[in-house]
Amino acid sequence: MLRREILAIAALSFLPSVVSAQDTVKIGLILPMTGQQASTGKQIDAAVKLYQAQNGTTVAGKKIEVILKDDTSVPDVTKRLAQELVVNDKVAFLAGFGLTPSALATAPIATQAKVVQVVMAAGTSSITEASPFIVRTSFTLAQSSVPMAEWAFKNGIKKVVTLVSDFGPGIDAEKSFSDKFKADGGAIAEALRVPLRNPDFSPFLQKVADAKPDALFVFVPSGAGAQFIKQFVERGLDKSGIRLIATGDVTDDDQLNGMGDVVVGVINTHNYSANHDSAFNKIYVEAFKKANGNLRPNFMSVGGYDGMHLIYEALKKTKGATDGEKLIAAMKGMAWESPRGPISIDADTRDIVQNIYVRKVEKVGGELYNVEFATIPNVKDPVKAAKK
Ligand code: VNL
């Protein structure tokens, strides 16, 4: 064969893959599928799959391909995976991020590559400030902690001990709760921080018992609530007269039903309950359970589901263009109905604006649910709002 012919054949055989690469938009979905935060990965992966099953895999003439990677919630691994997804797979989106350190480790890559980073789980306020290409569909801890403080003081609680996991979102929960509670006239007897990895709550719960507050305010991340409740009961705190109040991360739908009747009556604040009373949520819960062996969707799942919606709608607006700046511009100010209620993306901060619900754990049809009884509408992240 002549050299000319060889080159021609080589060029031809190269052609189809080039065309299909241009017609495909890739999403690099990085989640903790194993390890301590595996339930978060499982919930978000299931929600992403459900979204695609309901809405198809073609948007603005492009095929949407999700590439799932397990970072085991180790930030160095998250960063390496993000780099590989950008350089080798040429993803147009990085998405997922079960823990704050993983989201923060990825931020410089999003900035450098001008690739949109959709944070579907992590909740530390400052994450959205780490890159102009970050947008969040989950929540911030201050969003739920401030309304919890407000409810507590209004309902006769005067002295509180706070107990949080010792990392970004825990510090945000502690500070935003106690700032609001003290401003209203309450007192914080003690602020306890428990290690994130393999936590043993017992020694901390002993301090709570000794301090005898009216209430204990708790944040632990999704997946750790059941262990906390178990030790709360083992230490006899459920019979101490000290009320338990929390962010909804503790009374997580993923684990709530297994916590037992001891959590009945616990007041907590959050953005999503599987029991949320809307037609859209009923469809969501039913479809999610059907596709996942009756697993109940939790707040992490809706962060993933809504993140996919944001990606799909942004691509429709850019007519399939994957330029990071255009996509971020398309996402700013976008508003839609989520299974959790109405939500939007703040055009200034790229953070989520959503209702926060005050809920009480109750038995409904023989199962434990967070039953919403009050709504604080359209809550922006209070930490960023206070900086303005
Ligand atoms: C974070 C915040 C993670 C709240 C959580 O569960 C959570 C985080 C894994 O920012 O890392 O419930």
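Everything discussed here concerns the structure shown above.
Presented here is a report on the structure given in the accompanying data block.

Rules and cut-offs
- Residues numbered from 1 in each chain as written.
- Predicted model: local features only at pLDDT ≥ 70, side-chain atom pairs only at ≥ 80, totals over all residues.
- Heavy atoms only, no water.
- Phe/Tyr/Trp six-rings, centres within 6.5 Å; stacked < 30°, edge-to-face > 60°.
- Helix = DSSP H or I, 4+ residues; strand = E, 2+ residues; numbered from the N terminus.
- Buried < 20%, exposed > 50% of the residue type's maximum accessible area, 1.4 Å probe, protein only.
- Near = heavy atom within 4 Å.
- Polar contact = N/O pair within 3.5 Å; in protein donor to acceptor, adjacent residues only side chain to side chain.
- Areas by Shrake-Rupley, 256 points an atom, 1.4 Å probe, with all protein chains shown as cover.
- 1 Å grid on protein atoms, 1.4 Å probe; cavity = no way out; pocket = protein on both sides within 12 Å on 5 of 7 lines; lining within 4 Å.
- Sits in = over half its atoms within 2 Å of the grid points.
- Points joined across faces, edges and corners; volume = space filled by probe spheres on them.
- Nonpolar A, V, L, I, M, F, W, Y, C, P; charged D, E, K, R; others polar.
- Pairing = 2+ DSSP bridges.
- Contact = heavy atoms within 4.5 Å.
- Axes fitted to C-alpha atoms, helices over the stretch in contact; angles between N-to-C directions.
- Expected span 1.5 Å × (residues − 1).

We now examine the packing of aromatic side chains. Scanning all chains against the criterion turns up 11 aromatic pairs. Their ring planes at 90° and their centres at 5.0 Å tell us that Tyr-51 and Tyr-312 sit as a pair that is edge-to-face. With Tyr-51 in helix α2 (residues 38-55) and Tyr-312 in helix α10 (residues 299-317), the pair connects residues that are 261 residues apart, well separated along the chain. Tyr-51 sits in the buried class, given a relative accessible area of 4%. Since its relative accessible area comes to 2%, Tyr-312 is described here as buried.

Let us now look at the site of the ligand. Taken together, 18 residues surround the ligand, and among them Thr-100, Gly-123, Ser-222, Asp-249 and Met-300 come closest. Contact between the ligand and Ser-222: an oxygen atom at 2.9 Å from a main-chain N or O atom of the residue. For the ligand, whose accessible area on its own is 320 Å², the fraction buried by protein is 100%. When each cavity is represented as a set of grid points, the ligand is found to reside in the largest cavity.

By volume, the second largest pocket is sized at about 220 Å³. If you trace the second largest pocket, you find 14 residues lining it, with Ala-142, Lys-175, Ser-176, Asp-179 and Val-383 closest to the centre. Those elements that provide at least two residues to the lining of the second largest pocket are α5 (141-154), α6 (168-184) and α12 (382-387). Residues of the lining of the second largest pocket, tallied by class, amount to five nonpolar, three polar and six charged.

What follows concerns the sheet that holds strand β3 (residues 62-70). Taking strand neighbours across the sheet as the criterion, the six strands line up as β2-β3-β1-β4-β5-β6 in an open arrangement whose pairing is mixed. Two strands lie at the open edges of the sheet, namely β2 (58-59) and β6 (134-136), each paired on one side alone. The pairing of strand β1 (residues 24-31) with strand β4 (residues 93-96) spans four bridges and is parallel. In the sheet register, Ile-30 faces β4, and the bridge partner there is Gly-96. Set on the sheet, α2 makes contact with β1 and β3; between it and β1 the angle comes to about 160°.

The end-to-end C-alpha distance of helix α9 (residues 279-291), which contains 13 residues, comes to 19 Å, matching closely the 18 Å that a straight helix rising 1.5 Å per residue would cover. For α9, the secondary structure elements touched by its buried residues are α2, α10 and β15 (367-379). Of the residues flanking the end of α9, it is Gly-293, one or two places downstream, whose phi is positive at about 55°.

For the rest of this paragraph, the subject is the environment of Asp-71. Among the secondary structure elements, Asp-71 is positioned in the loop between β3 and α3 (75-87). A C-alpha to C-alpha distance of 26 Å links Asp-71 and Phe-201, two positions 130 residues apart in sequence.

Applying the stated criterion to the full structure yields one cavity of 30 Å³ or more. The volume enclosed by the largest cavity comes to roughly 110 Å³. Lining the largest cavity are 17 residues, and of these Gly-98, Pro-169, Phe-219, Pro-221 and Met-300 lie nearest its centre. Considered class by class, the residues forming the lining of the largest cavity number 10 nonpolar, six polar and one charged.

Let us look at the side chain of Ser-138. With respect to the helices and strands, the residue Ser-138 is situated in the loop between β6 and α5. You can call Ser-138 buried: its relative accessible area is 1%. At 2.8 Å, the side chain of Ser-138 and the backbone oxygen of Ala-122 are in polar contact.

So far we have only geometry, and geometry alone does not tell us how the molecule works.
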